[in-house]
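Understanding the architecture of this molecule
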There are 2 protein chains.
Amino acid sequence: MTPNLPPKPRKTPVQARSTATVEAILEAAARILETEGLEGYTTNAVAKRAGVSIGSLYQYFPNKDAVTAALVQTDSETMAARMEEVSRAYEGKPIRDCIDALIEVAVCHQFDRPMLARLIDLEEHRLGQDFGLSEAKQRIVQVVRSLLAQSGLDLPFDLDTVTQDVFALAHGITDAAGLNGETDRTRLNARIRHAVLSYLGVPAS
Amino acid sequence: MTPNLPPKPRKTPVQARSTATVEAILEAAARILETEGLEGYTTNAVAKRAGVSIGSLYQYFPNKDAVTAALVQTDSETMAARMEEVSRAYEGKPIRDCIDALIEVAVCHQFDRPMLARLIDLEEHRLGQDFGLSEAKQRIVQVVRSLLAQSGLDLPFDLDTVTQDVFALAHGITDAAGLNGETDRTRLNARIRHAVLSYLGVPAS
DNA sequence: CATAAATATGAGTGATAGCTCATATTGAAA
DNA sequence: TTTCAATATGAGCTATCACTCATATTTATG
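So, a few notes on the structure that sits alongside this text. (Residues numbered from 1 in each chain as written. Chains lettered and ligands numbered in written order. Predicted model: local features only at pLDDT ≥ 70, side-chain atom pairs only at ≥ 80, totals over all residues.)

1. Comments concerning the interface of chain B and chain A
Basically, it comes down to this: This entry defines residue contacts through backbone-placed C-beta atoms, with two residues in contact when those atoms are within 7 Å. Numbering of helices and strands runs from the N terminus, with a helix taken as a DSSP run of H or I at least four residues long and a strand as a DSSP run of E at least two residues long. Note on residue categories: nonpolar means Ala, Val, Leu, Ile, Met, Phe, Trp, Tyr, Cys or Pro, charged means Asp, Glu, Lys or Arg, and polar means any other residue, Gly included.
Taken residue by residue, the interface counts 24 residues in chain B and 23 residues in chain A. Counting residues per element, the ones that place at least two in the side of chain B that touches chain A are helix H1 (16-40), helix H6 (114-127), helix H8 (159-179) and helix H9 (185-200) of chain B. Of the residues in the side of chain B that touches chain A, the class split is 11 nonpolar, 9 polar and 4 charged.

2. Comments concerning helix H8 (residues 159-179) of chain A
Within an α-helix, residues lying three or four positions from one another point in the same direction, as the helix has 3.6 residues per turn. Note the cut-off: Here the expected length of a helix is defined as 1.5 Å per residue gap, with one fewer gap than residues.
For H8(A), which comprises 21 residues, the first-to-last C-alpha distance of 30 Å matches the rise-based estimate of 30 Å (1.5 Å per residue) to within 8%. Once H8(A) finishes, Gly181(A) follows within two positions and takes phi at roughly 80°, a positive value.

3. A word on the environment of Tyr41(A)
Residues and elements named next belong to chain A. The condition is simple: Every C-beta atom is placed from the backbone, and the number of other C-beta atoms within 10 Å of a residue's own sets its class: buried at 20 or more, exposed at 12 or fewer, partly exposed in between.
Structurally, Tyr-41 is set in the loop between helix H1 (16-40) and helix H2 (43-50). Using a count of 17 C-beta atoms within 10 Å as the deciding quantity, one classes Tyr-41 as partly exposed. Excluding residues within four positions of it along the chain, Tyr-41 makes contact with Ile-32, Leu-33 and Glu-36.

4. Let's talk about the protein's contact with DNA strand C
Stated formally: In this text, near has one meaning. A residue is near a molecule or strand if its C-beta atom, placed using the backbone, is within 6 Å of it.
Around DNA strand C, the surrounding shell holds 24 residues, and the nearest of these are Ser18(A), Gly55(A), Thr42(B), Asn63(B) and Lys64(B). Of all the secondary structure elements, the ones that give two or more residues to the surface near DNA strand C are H1 and helix H3 (54-60) of chain A together with helix H2 (43-50) and helix H3 (54-60) of chain B. Among the elements that make up the surface near DNA strand C, the one with the highest residue count is H3(A) (4 residues). Residues belonging to the surface near DNA strand C are distributed by class as follows: 7 nonpolar, 13 polar and 4 charged.

5. Observations regarding helix H7 (residues 134-151) of chain A
All names here are of chain A. Along its 18 residues, H7 runs 26 Å from first to last C-alpha, staying within 8% of the 26 Å computed at 1.5 Å per residue. The complete set of buried residues in H7 reads Ile-140, Val-143, Val-144 and Leu-147. Among the structural elements, helix H4 (64-89), helix H5 (95-111) and H8 are those in contact with the buried residues of H7.

6. Focus on the packing of H5(A) against H8(A)
All names here are of chain A. Short version of the rule: In this description, a line fitted to the C-alpha atoms serves as the axis of each element, helices being fitted only across the stretch in contact, and the angle between N-to-C directions of two axes falls anywhere from 0 to 180 degrees. Reported orientations rely on four angle classes, namely roughly parallel under 35 degrees, roughly antiparallel over 145, roughly perpendicular from 65 to 115, and oblique for the rest. In a left-handed crossing the near helix is turned counterclockwise from the far helix by less than a right angle, and in a right-handed crossing that turn is clockwise.
H8 packs onto H5 with a crossing angle of 40° between their chain directions and a minimal axis gap of 10 Å. One element, H5, and the other, H8, form an angle in the oblique class. At the point where H5 passes H8, the crossing takes the right-handed sense. The segment H5 lies against H8, with Ile-103, Ala-106, Val-107, Gln-110 and Phe-111 engaging Ala-170, Thr-174, Ala-177 and Gly-178.

In short, geometric facts, not functional conclusions.
Written as structure tokens, this is what we have:
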């Protein structure tokens, strides 16, 4: 049986040409979400802005959600890589400095493209775990979790809760600042730093 | 000139019947956003769940965005009223208690319907100020702003920044908890309380 | 060059969403 | 009861969106 089920239409790019096409599509998707929001986020619009035909898009992505999922995944993996790098670079150094650097990364990630970050977050939840999205996200959490575990701090709640809350409050503050049109990143860093350190109970320097 | 521009088709309900219709529509809209998300949020679906015809919906709302805007506005006004009530009730009492009560209100507002709260927030920003949404939101902010102003606390940043950040971090923590499927509201309150009080520099009790 | 695989194209298709409008029903005032 | 405004109805129009497919072009390889 299984006569001719159209075999999951997603070719893997092998030539440089098609790799560029896929990259252009993902970049276009990001830019459209950023500037037009979900309403303007159509596959035809993405293809057009990427400078490729709609047919090309569907050669590499079986459907629209797959484009979104790829965007989310790329985004998460970039973030994970940066945070792991910072974590390595600050090994042995004071925790305050490491937290500062991590905040810098996180803020940079969502502050100058607030709408995009927000919508990626939304779509990530909508798509759920069914697309294998969670792996990179867990690596991100793990960086902070183990940093806190090794810190010797007397945490106000259990380790997982504190980890989640630190992310969440930093996320919340950044989100609000971004949507509010703020531009002073240094100032934003200072505020998040204050919020995080005081939540953790790190004594003032 | 101006021959017969279809005069902004929005009737104001005058009989009890139509008031009930409008309420049913808004309630249905909320429930659909909560359970189906933006994908299932169509005017036809809203009308169906409200138990009215699609034509009735368009008698009272000129378009889909107007339904959303009304939902947002109702939501904001409920929130504003509750916070103002708490603010009045706790006048003269210790600021810690008032903050607790305000957190209770805020958490209650978005914790048990996290998806709805999230999407309302998103749509609110998408619609922008063009719908006169901001008035109730400003009242909400004002409650906390004046509470802080009268507190005599030595704030870590300027008043408006602190106000915004307190909202944002509480919002972030609640959002994450809600999406994470947590159910223990008391515990969540404690965490937000800790985050807010330590951010504000209120000494431990 | 020859050939086949990889890649690109874009008009077209089916489904659905927002919204209209002609008509029907209900309620209130006289 | 008569009459008219208020309210309700839902089939159907139009636009748009996700997605397909037959065809054309480009590249790799021998």
